[in-house]
Amino acid sequence: MAKSIDVSDLNIYYGDFLAVEGVTIPIAAKSVTAFIGPSGCGKSSFLRSLNRMHEVIPGARVEGKIIIDGNDLYGAGTDPVAVRREIGMVFQRPNPFPTMSIYENVIAGMRLNAKRMKKSEADDAVEKSLRSANLWAEVEDRLRRPGSSLSGGQQQRLCIARAIAVEPQVLLMDEPCSALDPISTSAIEDLIHDLQHDYTIVIVTHNMQQAARVSETTAFFNLSAVGEPGRLVEYGSTTKIFSNPDNESTEAYISGRFG
Ligand SMILES: Nc1ncnc2c1ncn2[C@@H]1O[C@H](COP(=O)(O)OP(=O)(O)OP(=O)(O)O)[C@@H](O)[C@H]1O
Ligand SMILES: [Mg+2]
(Lines give C-alpha, C1' and ligand atoms only; values in the text may rest on other atoms or scores of the structure.)
(Ligands and ions follow the chains in the order given, each with its own letter.)
Protein backbone atom coordinates (compact mmCIF):
# COMPACT_ATOMS: atom_id res chain seq x y z
CA MET A 1 0.00 0.00 0.00
CA ALA A 2 1.20 3.48 -0.79
CA LYS A 3 2.04 5.65 2.15
CA SER A 4 1.47 9.24 3.12
CA ILE A 5 4.36 11.32 4.43
CA ASP A 6 4.06 14.07 7.00
CA VAL A 7 7.04 16.34 7.40
CA SER A 8 7.16 18.90 10.19
CA ASP A 9 9.78 21.50 10.93
CA LEU A 10 12.59 19.66 9.25
CA ASN A 11 16.10 21.07 9.37
CA ILE A 12 18.84 19.41 7.36
CA TYR A 13 22.49 19.84 8.26
CA TYR A 14 25.87 19.00 6.75
CA GLY A 15 28.05 19.36 9.82
CA ASP A 16 27.45 22.92 11.01
CA PHE A 17 25.94 24.03 7.73
CA LEU A 18 22.17 24.32 7.82
CA ALA A 19 21.26 23.43 4.22
CA VAL A 20 17.47 23.31 4.55
CA GLU A 21 15.39 24.98 7.23
CA GLY A 22 11.93 24.49 8.65
CA VAL A 23 10.21 22.35 6.04
CA THR A 24 6.63 21.41 6.86
CA ILE A 25 4.67 19.60 4.18
CA PRO A 26 2.18 16.77 3.93
CA ILE A 27 2.74 14.44 0.99
CA ALA A 28 -0.36 12.51 0.00
CA ALA A 29 -0.32 8.77 -0.62
CA LYS A 30 -0.80 7.57 -4.20
CA SER A 31 0.01 10.92 -5.68
CA VAL A 32 2.88 12.54 -7.50
CA THR A 33 4.53 15.51 -5.83
CA ALA A 34 7.10 17.59 -7.72
CA PHE A 35 9.90 19.49 -5.98
CA ILE A 36 11.10 22.48 -7.94
CA GLY A 37 13.48 25.34 -7.20
CA PRO A 38 16.89 26.74 -8.08
CA SER A 39 20.14 24.82 -7.76
CA GLY A 40 21.37 24.53 -4.19
CA CYS A 41 18.04 25.15 -2.48
CA GLY A 42 18.10 21.66 -0.96
CA LYS A 43 15.76 19.56 -3.08
CA SER A 44 18.10 16.56 -3.22
CA SER A 45 18.99 16.88 0.46
CA PHE A 46 15.33 16.91 1.40
CA LEU A 47 14.56 13.98 -0.88
CA ARG A 48 17.39 11.95 0.69
CA SER A 49 16.11 12.76 4.17
CA LEU A 50 12.84 11.01 3.25
CA ASN A 51 14.49 7.60 3.13
CA ARG A 52 17.34 8.21 5.57
CA MET A 53 19.95 8.41 2.85
CA HIS A 54 21.01 11.86 4.02
CA GLU A 55 22.66 10.61 7.18
CA VAL A 56 25.04 8.26 5.33
CA ILE A 57 27.13 11.37 4.57
CA PRO A 58 29.59 11.89 7.47
CA GLY A 59 28.44 14.73 9.75
CA ALA A 60 25.03 14.94 8.09
CA ARG A 61 21.93 14.94 10.26
CA VAL A 62 18.37 16.17 10.47
CA GLU A 63 16.15 17.76 13.11
CA GLY A 64 12.38 17.69 13.09
CA LYS A 65 9.88 15.01 12.37
CA ILE A 66 8.89 12.83 9.46
CA ILE A 67 5.93 10.53 9.96
CA ILE A 68 5.34 7.91 7.28
CA ASP A 69 1.96 6.28 7.62
CA GLY A 70 1.95 6.78 11.36
CA ASN A 71 5.54 5.64 11.92
CA ASP A 72 8.26 8.00 13.07
CA LEU A 73 10.92 7.76 10.34
CA TYR A 74 13.65 8.98 12.69
CA GLY A 75 12.26 7.24 15.76
CA ALA A 76 14.50 5.07 17.90
CA GLY A 77 12.73 1.90 16.83
CA THR A 78 13.09 2.57 13.10
CA ASP A 79 15.75 0.63 11.21
CA PRO A 80 17.26 2.85 8.49
CA VAL A 81 18.27 -0.13 6.38
CA ALA A 82 14.71 -1.43 6.32
CA VAL A 83 13.50 2.09 5.48
CA ARG A 84 15.81 2.31 2.47
CA ARG A 85 14.40 -0.94 1.16
CA GLU A 86 10.81 0.21 1.54
CA ILE A 87 11.35 3.66 0.16
CA GLY A 88 12.89 3.36 -3.27
CA MET A 89 15.15 5.97 -4.73
CA VAL A 90 16.21 6.77 -8.26
CA PHE A 91 19.20 9.05 -8.54
CA GLN A 92 19.95 11.74 -11.07
CA ARG A 93 22.81 9.74 -12.55
CA PRO A 94 21.97 6.17 -13.43
CA ASN A 95 23.91 3.92 -11.07
CA PRO A 96 23.39 0.31 -12.11
CA PHE A 97 25.75 -2.18 -10.50
CA PRO A 98 28.26 -2.21 -13.36
CA THR A 99 29.48 -5.80 -13.19
CA MET A 100 26.04 -7.28 -12.58
CA SER A 101 23.91 -8.40 -15.47
CA ILE A 102 20.75 -6.56 -16.43
CA TYR A 103 18.79 -9.42 -14.88
CA GLU A 104 20.75 -9.38 -11.62
CA ASN A 105 20.50 -5.59 -11.39
CA VAL A 106 16.71 -5.78 -11.45
CA ILE A 107 16.48 -8.37 -8.68
CA ALA A 108 19.40 -7.15 -6.58
CA GLY A 109 17.04 -5.56 -4.04
CA MET A 110 14.73 -8.56 -3.98
CA ARG A 111 17.66 -10.86 -3.29
CA LEU A 112 18.48 -8.76 -0.23
CA ASN A 113 14.91 -8.94 1.00
CA ALA A 114 13.94 -12.53 0.23
CA LYS A 115 15.53 -15.56 1.73
CA ARG A 116 15.29 -17.71 -1.38
CA MET A 117 13.57 -17.13 -4.66
CA LYS A 118 12.52 -19.75 -7.18
CA LYS A 119 13.97 -19.16 -10.63
CA SER A 120 10.49 -18.82 -12.13
CA GLU A 121 9.59 -16.23 -9.49
CA ALA A 122 12.72 -14.25 -10.20
CA ASP A 123 12.13 -14.46 -13.96
CA ASP A 124 8.60 -13.16 -13.55
CA ALA A 125 9.67 -10.31 -11.31
CA VAL A 126 12.40 -9.26 -13.73
CA GLU A 127 10.05 -9.24 -16.68
CA LYS A 128 7.30 -7.41 -14.81
CA SER A 129 9.66 -4.70 -13.52
CA LEU A 130 11.35 -4.22 -16.88
CA ARG A 131 7.98 -3.97 -18.60
CA SER A 132 6.86 -1.36 -16.06
CA ALA A 133 10.01 0.61 -16.68
CA ASN A 134 9.41 0.50 -20.43
CA LEU A 135 12.66 -1.34 -21.01
CA TRP A 136 11.64 -4.96 -21.58
CA ALA A 137 11.43 -4.87 -25.36
CA GLU A 138 14.91 -3.42 -25.62
CA VAL A 139 16.64 -5.94 -23.34
CA GLU A 140 14.65 -9.16 -23.30
CA ASP A 141 17.18 -10.91 -25.55
CA ARG A 142 20.22 -9.74 -23.60
CA LEU A 143 19.32 -10.01 -19.94
CA ARG A 144 22.67 -11.61 -19.10
CA ARG A 145 24.73 -8.73 -20.45
CA PRO A 146 26.15 -6.27 -17.90
CA GLY A 147 24.03 -3.33 -16.82
CA SER A 148 26.81 -1.05 -17.94
CA SER A 149 26.34 -2.20 -21.56
CA LEU A 150 23.16 -0.15 -21.83
CA SER A 151 22.81 3.45 -23.00
CA GLY A 152 22.37 6.18 -20.39
CA GLY A 153 18.62 6.34 -20.87
CA GLN A 154 18.34 2.56 -20.71
CA GLN A 155 20.49 2.48 -17.57
CA GLN A 156 18.17 5.02 -15.95
CA ARG A 157 15.16 2.87 -16.81
CA LEU A 158 17.07 -0.15 -15.47
CA CYS A 159 17.54 1.70 -12.18
CA ILE A 160 13.84 2.48 -12.13
CA ALA A 161 13.09 -1.21 -12.76
CA ARG A 162 15.44 -2.10 -9.89
CA ALA A 163 13.72 0.41 -7.60
CA ILE A 164 10.19 -0.81 -8.36
CA ALA A 165 11.06 -4.55 -8.34
CA VAL A 166 10.88 -4.58 -4.54
CA GLU A 167 7.47 -2.89 -4.73
CA PRO A 168 8.37 0.04 -2.51
CA GLN A 169 5.50 2.04 -1.15
CA VAL A 170 7.23 5.29 -1.79
CA LEU A 171 9.39 6.12 -4.79
CA LEU A 172 11.74 9.09 -4.67
CA MET A 173 13.16 10.29 -7.98
CA ASP A 174 15.88 12.92 -8.19
CA GLU A 175 15.85 14.48 -11.66
CA PRO A 176 15.37 11.05 -13.24
CA CYS A 177 15.15 12.45 -16.76
CA SER A 178 17.84 15.11 -16.71
CA ALA A 179 20.19 13.08 -18.90
CA LEU A 180 17.55 11.50 -21.09
CA ASP A 181 16.39 12.12 -24.64
CA PRO A 182 12.75 13.16 -25.22
CA ILE A 183 11.66 9.59 -26.04
CA SER A 184 13.10 8.11 -22.83
CA THR A 185 11.79 11.10 -20.89
CA SER A 186 8.33 10.54 -22.24
CA ALA A 187 8.56 6.81 -21.43
CA ILE A 188 9.47 7.65 -17.85
CA GLU A 189 6.67 10.17 -17.55
CA ASP A 190 4.25 7.49 -18.81
CA LEU A 191 5.65 5.14 -16.22
CA ILE A 192 5.12 7.71 -13.46
CA HIS A 193 1.50 8.04 -14.57
CA ASP A 194 1.07 4.27 -14.39
CA LEU A 195 2.82 3.92 -11.04
CA GLN A 196 0.99 6.66 -9.21
CA HIS A 197 -2.02 4.42 -8.69
CA ASP A 198 0.09 2.18 -6.46
CA TYR A 199 2.91 4.33 -5.20
CA THR A 200 3.55 7.61 -3.47
CA ILE A 201 5.95 9.39 -5.79
CA VAL A 202 8.15 12.41 -5.22
CA ILE A 203 10.08 13.75 -8.18
CA VAL A 204 12.68 16.52 -8.26
CA THR A 205 12.81 18.25 -11.60
CA HIS A 206 14.23 21.37 -13.20
CA ASN A 207 11.81 20.95 -16.06
CA MET A 208 8.70 23.02 -15.41
CA GLN A 209 6.75 21.33 -18.20
CA GLN A 210 7.58 17.99 -16.71
CA ALA A 211 6.41 19.04 -13.25
CA ALA A 212 3.20 20.30 -14.81
CA ARG A 213 2.72 17.07 -16.80
CA VAL A 214 3.37 14.49 -14.11
CA SER A 215 2.47 15.94 -10.72
CA GLU A 216 -0.70 16.75 -8.83
CA THR A 217 1.11 18.73 -6.17
CA THR A 218 4.11 21.00 -6.59
CA ALA A 219 6.41 22.31 -3.88
CA PHE A 220 8.65 25.29 -4.60
CA PHE A 221 11.91 25.62 -2.66
CA ASN A 222 14.12 28.68 -2.71
CA LEU A 223 17.07 30.23 -0.94
CA SER A 224 17.48 33.90 -0.21
CA ALA A 225 21.26 33.99 -0.76
CA VAL A 226 24.20 31.63 -1.19
CA GLY A 227 25.14 30.21 2.20
CA GLU A 228 21.62 30.73 3.52
CA PRO A 229 19.45 27.67 4.11
CA GLY A 230 16.93 26.60 1.52
CA ARG A 231 13.27 26.88 2.49
CA LEU A 232 9.99 25.57 1.25
CA VAL A 233 8.29 28.67 -0.11
CA GLU A 234 4.93 27.16 -0.92
CA TYR A 235 3.20 24.03 -2.08
CA GLY A 236 -0.20 23.38 -3.55
CA SER A 237 -1.98 21.86 -6.47
CA THR A 238 0.25 21.93 -9.52
CA THR A 239 -2.43 23.83 -11.44
CA LYS A 240 -2.44 26.57 -8.84
CA ILE A 241 1.34 26.78 -8.43
CA PHE A 242 1.76 27.15 -12.18
CA SER A 243 -1.12 29.54 -12.75
CA ASN A 244 -1.66 31.54 -9.63
CA PRO A 245 0.98 30.99 -6.92
CA ASP A 246 0.71 32.89 -3.64
CA ASN A 247 4.34 33.93 -3.53
CA GLU A 248 6.08 36.38 -5.82
CA SER A 249 9.30 34.37 -5.95
CA THR A 250 7.34 31.30 -7.09
CA GLU A 251 5.79 33.36 -9.85
CA ALA A 252 9.22 34.64 -10.88
CA TYR A 253 10.70 31.14 -10.90
CA ILE A 254 8.00 29.38 -12.85
CA SER A 255 7.85 32.14 -15.43
CA GLY A 256 11.62 32.09 -15.88
CA ARG A 257 12.20 35.56 -14.45
CA PHE A 258 14.55 34.23 -11.84
CA GLY A 259 17.70 35.76 -10.37
N1 LIG B 1 27.53 16.11 0.77
C2 LIG B 1 27.42 17.40 1.06
N3 LIG B 1 28.24 17.99 1.95
C4 LIG B 1 28.13 19.30 2.26
N5 LIG B 1 27.19 20.11 1.72
C6 LIG B 1 26.35 19.59 0.83
C7 LIG B 1 26.41 18.22 0.44
N8 LIG B 1 25.45 17.98 -0.48
C9 LIG B 1 24.81 19.16 -0.65
N10 LIG B 1 25.36 20.12 0.14
C11 LIG B 1 24.93 21.54 0.21
O12 LIG B 1 23.57 21.59 0.61
C13 LIG B 1 22.88 22.59 -0.12
C14 LIG B 1 21.70 21.95 -0.84
O15 LIG B 1 22.20 21.05 -1.82
P16 LIG B 1 21.25 20.08 -2.65
O17 LIG B 1 22.12 19.18 -3.44
O18 LIG B 1 20.27 19.48 -1.74
O19 LIG B 1 20.51 21.14 -3.60
P20 LIG B 1 19.55 20.90 -4.85
O21 LIG B 1 18.37 21.77 -4.65
O22 LIG B 1 19.32 19.46 -5.04
O23 LIG B 1 20.42 21.49 -6.05
P24 LIG B 1 20.50 21.02 -7.60
O25 LIG B 1 19.26 21.56 -8.24
O26 LIG B 1 21.73 21.68 -8.11
O27 LIG B 1 20.58 19.51 -7.63
C28 LIG B 1 23.90 23.24 -1.06
O29 LIG B 1 24.39 24.40 -0.45
C30 LIG B 1 24.98 22.20 -1.15
O31 LIG B 1 26.23 22.77 -1.43
MG1 LIG C 1 19.82 18.09 -6.57
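That block above? That's the structure.
Residues numbered from 1 in each chain as written. Chains lettered and ligands numbered in written order. Predicted model: local features only at pLDDT ≥ 70, side-chain atom pairs only at ≥ 80, totals over all residues.

Q: Explain the overall build of the protein chain to me, please; I cannot follow it from the model alone.
A: Scanning the protein chain from terminus to terminus reveals 10 helices and 10 strands. By the compact-globule yardstick of 18 Å for 259 residues, the protein chain fits well, its C-alpha radius of gyration being 18 Å. Its C-alpha atoms put the protein chain at 55 × 45 × 30 Å along the principal axes. Counting over 259 residues, the protein chain shows a buried share of 41%. Pairs at least 24 residues apart make up 68% of the contacts formed inside the protein chain by residues separated by at least 6 positions. (Helix = DSSP H or I, 4+ residues; strand = E, 2+ residues; numbered from the N terminus. Rg over C-alpha atoms; globule rule 2.2 N^0.38 Å. Buried ≥ 20, exposed ≤ 12 C-beta atoms within 10 Å, placed from the backbone. Contact = placed C-beta atoms within 7 Å.)

Q: Even after reading the chapter, I still don't get the site of ligand 1, so can you show me in this structure?
A: All residues adjacent to ligand 1 are Tyr14, Phe17, Ala19, Ser39, Gly40, Cys41, Gly42, Lys43, Ser44, Ser45, Ile57 and Gly230. The element best represented in the shell around ligand 1 is helix 1 (residues 43–49), accounting for three residues. Counted by class, the shell around ligand 1 contains five nonpolar, six polar and one charged residues. (Near = placed C-beta within 6 Å. Nonpolar A, V, L, I, M, F, W, Y, C, P; charged D, E, K, R; others polar.)

Q: Teacher, can you tell me more about helix 6 (residues 152–165) here?
A: Given 3.6 residues per turn, any residue in an α-helix points the same way as the ones three and four places further on. When the terminal C-alpha atoms of helix 6 are compared, their 20 Å separation across 14 residues agrees well with the 20 Å that a helix rising 1.5 Å per residue should span. Extensive coverage of helix 6 is indicated by the burial of 13 of its 14 residues. Following helix 6 by one or two positions, Glu167 adopts a phi angle in the positive range, close to 50°. (Expected span 1.5 Å × (residues − 1).)

Q: Would you explain the packing of helix 6 against helix 7 (residues 182–195) in this entry?
A: It is the contact of helix 6 with helix 7, at a shortest axis distance of 10 Å, that shows an interaxial angle of 15°. Comparing their axes, helix 7 and helix 6 come out roughly parallel. By crossing handedness, the relation of helix 6 to helix 7 is classed as right-handed. In this structure, helix 6 uses Gly153, Arg157, Ile160 and Ile164 to contact helix 7, whose residues at the interface are Ser184, Ala187, Ile188, Leu191 and Leu195. Of the residues that constitute the contact of helix 6 with helix 7, the class distribution is six nonpolar, two polar and one charged. (Axes fitted to C-alpha atoms, helices over the stretch in contact; angles between N-to-C directions. Parallel < 35°, antiparallel > 145°, perpendicular 65-115°, else oblique. Left-handed = near helix turned anticlockwise from the far one by under 90°.)

Q: Would you mind going over the pairing of strand 7 (residues 170–174) with me for this structure?
A: Across a regular strand the side chains alternate sides, sitting on one face of the sheet and then on the other. Most of strand 7 is tucked away, with four of its five residues classed as buried. Judged from the four bridges that link them, strand 6 (residues 87–90) and strand 7 form a sheet pairing that is parallel. When the sheet's bridge partners are listed, Ile87 is paired in strand 7 with Val170. Pairing of strand 7 with strand 8 (residues 200–204) involves five bridges; the strand directions are parallel. From the neighbouring strand, Val170 faces strand 8, where its bridge partner is Thr200. (Pairing = 2+ DSSP bridges.)

Q: What is the right way to look at the nonpolar core in this model?
A: One broad rule of soluble globular proteins: the nonpolar side chains tend to lie buried together. Residues Phe35, Ile160, Ala161, Val202 and Ile203 are the most contacted members of the largest nonpolar core, which totals 65 residues. The dominant element in this core, judged by the number of residues it contributes, is helix 6, at seven residues. In this structure, Phe35 is in contact with Lys43, Phe46, Leu47, Val202, Val204, Ala219 and Phe221, ignoring residues within four places of it in sequence. (Core = buried A, V, L, I, M, F, W, Y, C linked by C-beta atoms within 7 Å.)

Q: Could you clarify how one ought to interpret the environment of Lys128 in this entry?
A: In this structure, Lys128 sits in helix 4 (residues 119–132). C-alpha separation for the pair Lys128 and Ala60, spaced 68 residues apart in sequence, amounts to 37 Å.

Q: What is the right way to read unusual backbone geometry from this model?
A: Backbone phi values are negative for most residues with the exception of glycine, while trans is the configuration of most peptide bonds. Although it is not a glycine, Lys30 adopts a positive phi angle of roughly 50°. Among the structural elements, Lys30 can be located in the loop between strand 2 (17–27) and strand 3 (32–36). Backbone geometry at Arg52 places phi at a positive 65°, although glycine is not the residue there.

Q: I would appreciate a short explanation of the packing of helix 4 against helix 6 in the present structure.
A: A pair of packed helices is captured by two measures, namely the crossing angle of their axes and the spacing between those axes. As a packed pair, helix 4 and helix 6 sit with axes 8 Å apart at the nearest point and diverge in direction by 125°. By the angle between their axes, helix 4 is oblique relative to helix 6. Both helix 4 and helix 6 take part in a crossing whose hand is right-handed. Between helix 4, through Ala125, Ser129, Leu130 and Ser132, and helix 6, the contact on the second element is made entirely by Ala161, Ile164 and Ala165.

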